[in-house]
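So the chains spell out like this:
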2 protein chains.
Amino acid sequence: MGEFELIRRFFATAPCAQGGEGVALGIGDDCALLELPPGEQLAVSTDTLVAGSHFPLQHDPFLLGQRALAVSTSDLAAMGATPIGFTLALTLPDADETWLRRFADGLQRMAAQCRMTLLGGDTTRGPLTLGMTVFGRVPKGLALTRAGARPGDLLCVGGSLGDGAGALPLVLGERPADGEAAEYLLARYWQPQPQLALGQALRGRATAALDISDGLLADCGHIAQASGVALCIERARLPLSAALHERLPADEALRCALSGGDDYRLAFTLPASERAALQTEFPEMAVIGRVEAGEGVHLYDEQGRELALAARGYQHFG
Amino acid sequence: MGEFELIRRFFATAPCAQGGEGVALGIGDDCALLELPPGEQLAVSTDTLVAGSHFPLQHDPFLLGQRALAVSTSDLAAMGATPIGFTLALTLPDADETWLRRFADGLQRMAAQCRMTLLGGDTTRGPLTLGMTVFGRVPKGLALTRAGARPGDLLCVGGSLGDGAGALPLVLGERPADGEAAEYLLARYWQPQPQLALGQALRGRATAALDISDGLLADCGHIAQASGVALCIERARLPLSAALHERLPADEALRCALSGGDDYRLAFTLPASERAALQTEFPEMAVIGRVEAGEGVHLYDEQGRELALAARGYQHFG
């Protein structure tokens, strides 16, 4: 099976490659062509997933396909963008047809869920690496950046924290993965749901937003730095799932919530007046602290005492 | 040096990352934001370059940075697009500062030449792999696709063929790289010039176009298939550089021109009435054959006899 045949069989003929709104020319030429409605901007983000670093060498390719697209699309959610499509740069050690079929099916599943068109890409031989570039559209002036948080705003997250990091020992087979709690955690790792509806609802309401990919503390640090403010987190308010509590000792669960990087929940700052309506619409959302004048990220215990922060988020080349 | 520091030092602070026309928000947030003038479409293409496959493990990182962006930008030229910017997905075995400085400088050189903004990307640890996604704009309805060639059109290329493939033994150190001819060939391999001006001049004139990345025969096959026509190439008309003639026996030079994939020249089909004006503007352009009714790619010798085609273009997983 040559490169062109591989692209045709597994990708160009997939339902998600047959075009969609905003796609003037899809897969198969030197470039894809996108169109934007008047008054909208194009949001673009690129992510790389390397086997053995971002996902285990032993994996279900269907789940990998789902997860790869979800992780990248989460960046569109963080900007408040509506997804259009994506390109895939797939580097493979060999053309294993069983792997390709399941991977393409997983990709298709998430693409259909997020209404995204596969626009093109590149297939090359080498160590297993996935490069995803995602495209969305957002009304001009309404994109959510990291730079607008103001003292007095509430600091919020889109749902439970630490599940992805808590799932890692199960994903790697280091702990037994039986029972409902394990099932929940594994689903949170392999099928993170990009918070697209929440991101779009935050347009014109949130003052800053991002998706938590490096860990809550590190990512809050990005908002603090870009906005020139301090973010104050109350430990007691961190939303931890029942499953995480069940599977991990309290201190380990807390470490996952603060420094784990695989949740792809949104973190955002919000004027207090916006809270009630949003909370009704998104009951999983939680207020975890507040924005203050100053700099950096601060963590407080139940008595209001500041805690020392040792564990920062994940960095490559750290 | 952590990941964020690496991005800041070598990429986010580079002149090419400081924004440009069409860039509403550049590097540093979850997404970059692009704007399009009314009536224009966005052209997008993704390429992956794997060390040891697309470029030698032993290389000058400055030249690699130049070449990686040039190769990807060539896809914009093939659509007749005006470049806007690019994202970079950089996978590195380690954070070697000397390598990074030279690579970033090479990238900067080509970005400045093509007027492109570095919009964002991702830096991860792993086997050396470069993922480039390039963005350009093109007036609606004027993008050059592969699908419009008509019987009677001329088949043209943007300049000499086979130089990149002819340079490969020099690039790999298999043959001595001394003398002017070697210098010319090495420059053609490491600093291919995306034919942006030619591509833009072909808008509304050429009926089909692409850039030659898989080899002339394979890429003409793509036009023939997409357009539903036959492409007929006259061997005597293939433009071979003096350097290629000097360094290689005639049959080997011809093989490079027909099947080599590293030239990044445009191939296009053109109504005969457009030829004269275009030839004046782009003297390097050459007519190498014609479009006929039928299918496939055909090669003819000096006596008009059809030659058997054994050597096809390069494919991964071939």
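Residues numbered from 1 in each chain as written. Chains lettered and ligands numbered in written order. Predicted model: local features only at pLDDT ≥ 70, side-chain atom pairs only at ≥ 80, totals over all residues. Heavy atoms only, no water.

With respect to topology, six strands assemble into an open sheet ordered S5(A)-S4(A)-S6(A)-S3(A)-S2(B)-S1(B), the strand pairing being mixed. Where the open sheet ends on each side, the last strands, each with one partner, are strand S5 (117–125) of chain A together with strand S1 (23–25) of chain B. Averaged over all adjacent pairs, the angle separating strand axes in this sheet is 25 degrees, with direction ignored. Direction of pairing for strand S3 (residues 40–50) of chain A relative to strand S2 (residues 32–34) of chain B: antiparallel, over a ladder of three bridges. Within the sheet, the bridge partner assigned to Leu42 of chain A lies in S2 of chain B and is Leu34 of chain B. Its contacts with the sheet put helix H3 (residues 97–114) of chain A on strand S4 (82–92) and strand S6 (129–139) of chain A, and the angle it makes with S4 of chain A is roughly 165 degrees. (Pairing = 2+ DSSP bridges. Helix = DSSP H or I, 4+ residues; strand = E, 2+ residues; numbered from the N terminus. Axes fitted to C-alpha atoms, helices over the stretch in contact; angles between N-to-C directions. Contact = heavy atoms within 4.5 Å.)

On to the relation of the copies chain B and chain A, then. Turning chain B through 180 degrees and shifting it by 0.0 Å along the axis lays it on chain A, with an RMSD of 0.0 Å. Expressed as a symmetry operation, the mapping of one chain copy onto the other fits a two-fold axis. Comparing interface residues between copies, 98% of those in chain B also lie at the interface in chain A; the contact surface is shared. (Least-squares fit on C-alpha atoms with pLDDT ≥ 70 in both.)

Our next topic: the domain arrangement of chain A. All names here are of chain A. In terms of domains, chain A is made up of domain 1 (3–139) and domain 2 (154–307). Measuring from the centre of the C-alpha atoms in domain 1 to the corresponding centre in domain 2 gives 26 Å. Facing 26 residues of domain 1, the contacting portion of domain 2 comprises 19 residues. Viewed at the interface, domain 2 and domain 1 are joined by one salt bridge. For Arg67, the salt bridge is made with Asp262, and the minimal N-O distance between the two is 3.1 Å. On the surface where domain 1 and domain 2 come into contact, there are nine residue pairs in polar contact (both at pLDDT 80 or more). Looking at the side of domain 1 that touches domain 2, the element that brings in the most residues is helix H2 (residues 61–79), giving 12 residues. (Domains from an automatic or database assignment. Salt bridge = Lys/Arg side-chain N within 4 Å of Asp/Glu carboxyl O. Polar contact = N/O pair within 3.5 Å; in protein donor to acceptor, adjacent residues only side chain to side chain.)

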